[in-house]
Every structure is written in C-alpha cells, then in structure tokens.
Amino acid sequence: ERPPTVEGIFAVTGTFNGNGSTLDHTIERLRGQLQLSSRQGVFRGLRRTSDRISTATRAVELGAALGSLFGTSKVKETAEKVAGQAYQIDQLAQALGELPFDQLLVRVQRDENLNLKVEELSLLSPEVRLTAQGTLTHVAGKSVFDLPLELTYQLGARGKVENALARLRALDGTKDELGYARMKDPSTIRGTLSRPNPSALFVKLAESKLTDFFPPGN
C-alpha cells in the first residue's frame, strides 16, 4: 500500500559465509559484507509518515487560537510566525519526500549477532546530500524489510531545499566540499526499511517555535 523506500537499478557485490542444518537456516545465519550502488533512482526514506507535522505544532496552533480569542497582539504576531513555520515545514516535507538521486551507495555488514550494520549510506541528488550510519536489529523470523531500523544522518542542501532550511534557521552557515549547505544537527530515521519514519526532523523543526509561546523562565 506504500511506494517502495528506494527504487533503482543496483550493482551488488559482497562476501558472505554461514552454516546451518538446512538451506533456509543457513541463509538466516549468513554473515558478511554487502555493497549496493546505483546511478539513478528515487529515495523515499525521508517521506513524512503523516500529514500532521507534530503534536507540538498542534499545541502552538491552540496557543494562536487563544491569542486571537483574547486579542493579545504579541500572541497574534507569534501565531503568524508559527503559521509561516508550519507552511515552510510542509514545503520541506514535500521536497524531501521523493528524492530523485544521481548516486546512492550503501555498505552493510552483518555481524556475529546477525544485526545489519549500515556502515555507510551516501546519497547525492541535485538538491540534497545525505550521509548516514546505523543498524537494522536482528529479530528472529522477521524479514530484513521489517527489522527495527535506526539511522543517524547528516543532511546537506542546495537550491530550493537549502532555501527552505534557511528560512527555518536549520543551517549552520557552512558548506561541504561539494557546495551543499550543512544542517546544524544530525537527525534520525527509525521504523523499518519498508516503513521508515523520519518524523524526528519535522518534530524538531515544529517544536522550535514553542519557545515563542513559552519563553525561558516562564
């Protein structure tokens, strides 16, 4: 019921070894290294799982409604800023949700505990550069697509995505060696390969406006 997380034609190389009482048992216990590379495709790992930005944004919207009700000019002004923030987050989510890439490289190692260590994930698209590392934790009986996923990634941006992140004040003011503007902080993708959940990024951006309603010390 969902489009695939990644689409593309991949070259695959690797070395594996394992042992077991049957072929299926042996495959389940395989250990080794795998590298996948593609020169063209679509990446949907940053696709927002819901149209709702976050509970934090809903709380801010409630504050805006109360401000309008009581006629507080400062709260009204803040509400306008928050509405702009929510719009910018929506625009960013749309831009990141379906990324046509020019290059994708994934290096994975399966360790003695049968966890899959993502040693490197590197994606290049015209407007986004993403580098990540993480783990797919082994669970007996589950396919690799349904294993618990945790990837920590760093995002760089150019063009419209860079402009959107700049308006959200999410950039650190520097650029990498390829000219992509760096985000201030890394973020995380959780969920599974078949249903990745990148909401940590959007929640953090949405929650950044809460301090406009609840300044430090109040």
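Predicted model only: the values in this text are computed from it and were never measured. (Residues numbered from 1 in each chain as written. Predicted model: local features only at pLDDT ≥ 70, side-chain atom pairs only at ≥ 80, totals over all residues. Heavy atoms only, no water.)

Okay, helix α4 (residues 159-167) next. Along α4, the positions that sit buried rather than exposed are V161, E162, A164 and L165. Considered in projection along α4, the buried side chains sweep an arc of 160° and stay on one side of the axis. In the segment just after α4, R169 is the residue with positive phi, at about 55°. (Buried < 20%, exposed > 50% of the residue type's maximum accessible area, 1.4 Å probe, protein only. Helix = DSSP H or I, 4+ residues; strand = E, 2+ residues; numbered from the N terminus. Arc of directions from axis to C-beta.)

With that settled, consider the sheet that holds strand β5 (residues 99-101). Two pairing modes exist for strands in a sheet, parallel and antiparallel, and in both the strands are linked by backbone hydrogen bonds. Strand order in the open sheet formed by three strands is β1-β4-β5, with antiparallel pairing between adjacent strands. Only two strands of the sheet have a single partner each, and these edge strands are β1 (6-8) and β5. The sheet shows a mean angle of 25° between the axes of neighbouring strands, direction not considered. Both strand β4 (residues 41-43) and β5 contribute to a ladder of three bridges, which runs antiparallel. Paired with F43 across the strands is L99, a residue of β5. (Pairing = 2+ DSSP bridges. Axes fitted to C-alpha atoms, helices over the stretch in contact; angles between N-to-C directions.)

Where strand β6 (residues 103-110) and strand β7 (residues 116-124) come together, eight bridges link them in antiparallel fashion. Within the sheet, the bridge partner assigned to V106 lies in β7 and is L121. The hairpin formed by β6 and β7 contains five residues between the paired strands, and L114 there has a positive phi angle of roughly 70°. With seven bridges connecting them, β7 and strand β8 (residues 128-136) associate as antiparallel partners. Following the sheet pairing, L123 is matched in β8 by L130. Between β7 and β8, which pair antiparallel and follow one another directly, the connecting turn spans three residues.

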